[in-house]
Every structure is written in structure tokens, then in C-alpha cells.
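Survey of secondary and tertiary structure
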Amino acid sequence: MNLAEYQELETFLLQYPDTTMLELMAPDLNGILRGKRIPASEFATLYRQGVKHPAALTLLNSIGDMIEDVPGYEGDPDKLMRAIAGTLAPVPWLNSDTGQVLATFTELDGAPGLFDTRNILVNALGPVWSMGLSVVVAVEMEFYLVEEGEGRLPTPHLPRLPGTSLPQEGVQYAMAEDLWDQDAFLEDVRETCLLQGVPMTTVHSEFSPGQYEINLRHCADPLLACDHALMLKRIVKGVARKHGMYATFMAKPFDGLAGSGMHMHVSLYDESGENVFADGNTNTAPAISETLRHAVGGMALTMQAATAVFAPNANSYRRMVPGSFVPLAPTWGYNHRDVALRIPVSDHKDTRIEHRVAGADANPYLVLAAIIAGMHYGITERCEPPEMINEGETLEPVFTLPRLWQQALDQFADSEVLARYLTPEFCELFKSIRQTECDRFAAQVSNRDYEWYLRSV
């Protein structure tokens, strides 16, 4: 038993003595939080020794189905769920006295479960930590507020024109009035983030109507940064329901509108606290080091194989189309938002790489694991990056990342570099589960099949 974690439970119960249940949650491969509620009588057991749960919780597909014959997990064996320090919090959007805590999985003997994506991130971080480097991460999340539309399809939840029930037309990027219309919702999100320890910073309306972005503060604990990303998604969804709306982090929920991304800002620091991505010998922008260039080279080299992680399901690839503000090739540049790997304007201390490829539907632990894998490989192998896109330069519309889910899964399965960091066992597990869902999705007869072909062919 970790005494500090048990003290966290005791402190929480002193502050919220009426708590009757805890929602114990862990992310599956897609980053969807799944778990169960446990009663107050089991709180102490959770923090002292963990509670048992089938390992299948982390191995479900996007609609919550089990995949048959997952290698090594036949018979749906029990493993242990253990509470993650710093994630115990009340759930203010529920009417019941219910709390929540994120969990990680271990084997029954206490060894980290390598079917748990949080532990895969730890594995990928190991080589970077062994170099004496620390990782600082900030996450930006885009999402839509949605409402019921005509028929069976949802529609973006839009502001109304004053004095009418007509929706506001146009993109209206960063319009203050859009935030005014959602002030009660956004204020509840802010207050809940404070209550649950999620370091929310800025919020603005995005490049499509009904779309918003919330940023999280830079965090020196990369695991906690990903915890915060998942907790933020849960907060946005929960608070939206409280306000009679729905929120979605689908990569591409609507035709003709921008998709939703998850951007990660990553920087590396040595043991003396110096940013190894910055060139301290110059003040000429961009003051980037050879280490940053090599990190970019490795990330560019592994980007195609990692696309299956950045775009984890069928809908993800609807976001990846030309002219949609989504990077389609392993490009990089300074102060340029059309590239995949952006070097933001910053001082030496804050020099970083912004990874702009992943959709908001991706698992943040796996996204960061793939980013770190590319960085470490590039630094140690001294990989040269492609030609840098200059500030203000027009970017040619080149599409070299996988266009289809099957292509992405095939390239992921063939990557020896990703297997080195994510472990061969996990890569096989990931490919097996995602391939089964890919095959099942492709076999569905959709409404579009009927609309295009039923009468005409």
C-alpha cells in the first residue's frame, strides 16, 4: 500500500464525507474511459491492494464489444485496477454523491500491465528518462457542442440570431459573443476543472460553428498531462449534459466543417533544467538546436507508421482531407500552422514542438508514446528532417500519410521502430483489435450505399 495515496483518500473523505460511490475508470485502446462504480465499503480496499477487474476493459473496440481470441487474453482473466494518485475528485454534474478516480492496470503480482496504454507510455518514456532528460507536455483539445437535428442526424449547437430562432451562420472564428452564449457551460467547465485539478487555461471558438478549443497548462509529468486530457474530455461531456447539450470529440462529426484535433506541445530538458531544443548561442528566430532538428527527423520518419495511433478509427480518416487545416505529410516549420510539426514562437526556455496530426478521438497516452518514440529515435540516430517550411511560406498540398485506415494499420504493423518503444506484444495486440474493428466497419452497409446505389445500379 502507498501511504501517500491512502492519505489522499482519507483527505478526500474528510472533505466529502457523504460520498457513497466512486467511479473507477481506465482508458481502453481508443482512450475511452471504462470501468465501474464501487461502494464506500470498497474504497479502502482499492487504495490498499487494488480491486480486480477483467483485463478486457482495456481491449474493447469503439462500441464496447469484446474481440474474440485476443492473443494471451483468452478466458477474459482478471487483473488489478489501482488508483492513480492525484485523480480522485468529486463529480459535480451528477446528482448523486459520487466521486471519480482514474486507474491503471497491473498483473495480479503487481507488475505493470502492458495491455494498459498508460503503462505503454511509461515504457516509451524509459529511454528518454535514461538519457537524463525530462519531458514537459501541454495538450489542446478541440470539440463540438451538438444538438438534435432533423431526422436521425445531429447538428452543431449554434448561437441564435437575436430575437429569432435562426442559427448564426458563418465560421465566426474567435468571436466573443459565441463564448457569451455558452458562458454558463464554460464557467461550469472552468469550476469543475479547478475542483478536479485539471489545469485548464484558454478557451476560444474554433474555425467551425459550434466548435471550441480548450487548452491545458504545460505539465512536467507527461503521464499526468495525459490524465488531464482524458479528464478534460469527461468534464466537457459531463457538464454539457448538465446544460442540456451534448459534446463530441469525434475527429470529423460533420460534412463540410473542420475536424477536431488534439495538439500536443512537447519539450525536453536536461538535468540542469536547460531546454535541449533551444540554441542558447543565438537570438535569431528560430533559435533551435541540432537536438530539435534530429527529434523532428525521427518524428517525421515514424509519422506514417504512427498514423494508426493518431487516427485510430474509421471516422478519423474523414478529417484527413486536403484543405481542412489537417497536416497530410510529415512537414515542419516555424510559426506555421499548416505543418504537422510546428515550432511555435517562444523564448529559449519554452522552445518546443507542437504535434498537430492527432485527432481529438485518439488515446493521448498512445499519441504521446508515439511522439516520444520518434523523438528519441531521431535524437539517438541523428535523423535529418525534411526541408523546413519557412514562416509565411505557402505549403504545397502533398498527401503522404496513409489515406485509409487499412493502410495505416499495415504500416503500423510493419514498424520495427514503434515496436521497440511500444513493445512488440502491445503492437500485435493493438493491430489485432483495431484490425477486427476495421474489418467489421468495412463490412457494414451504410445509408450512403442505399442513397447512391440502390436505385441506380
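Residues numbered from 1 in each chain as written. Predicted model: local features only at pLDDT ≥ 70, side-chain atom pairs only at ≥ 80, totals over all residues. Heavy atoms only, no water.

Glancing now at the pattern of salt bridges. Side chains that differ in charge, positive against negative, can pair when their charged atoms come close. Using the criterion set out here, one finds 14 salt bridges in the structure. In this structure, Lys242 and Asp188 form a salt bridge, with 3.3 Å as the shortest nitrogen-oxygen distance. Highlighted residues: Lys242 in helix α6 (residues 222–242) and Asp188 in helix α5 (residues 183–196), separated in sequence by 54 residues. With relative accessibility at 18%, the residue Asp188 sits in the buried group. Here Glu384 and Arg293 are joined by a salt bridge, their closest N and O atoms 2.9 Å apart. Highlighted residues: Glu384 in the loop between α9 (364–381) and α10 (405–413) and Arg293 in helix α7 (residues 290–310), separated in sequence by 91 residues. One network of salt bridges, with partners in common, ties together Glu23, Arg37 and Arg234. (Salt bridge = Lys/Arg side-chain N within 4 Å of Asp/Glu carboxyl O. Helix = DSSP H or I, 4+ residues; strand = E, 2+ residues; numbered from the N terminus. Buried < 20%, exposed > 50% of the residue type's maximum accessible area, 1.4 Å probe, protein only.)

The next subject is the pairing of strand β10 (residues 211–216). Counted residue by residue, β10 has six buried out of six residues, so it is predominantly covered. Where burial is concerned, the two faces of β10 agree: the one with Gln211, Glu213 and Asn215 and the one with Tyr212, Ile214 and Leu216 are both buried. Note: strand β7 (residues 134–148) against β10, five bridges, orientation antiparallel. Residue pairing for β10: Glu142 is matched across the bridge by Glu213. Where strand β9 (residues 200–205) lies against β10, four bridges are found, and the strand directions are antiparallel. Counted as the bridge partner of Met200 is Leu216 from β10. Where β9 folds back onto β10 in an antiparallel hairpin, the turn is made up of five residues, including Gly210, whose phi is positive at roughly 85 degrees. (Pairing = 2+ DSSP bridges.)

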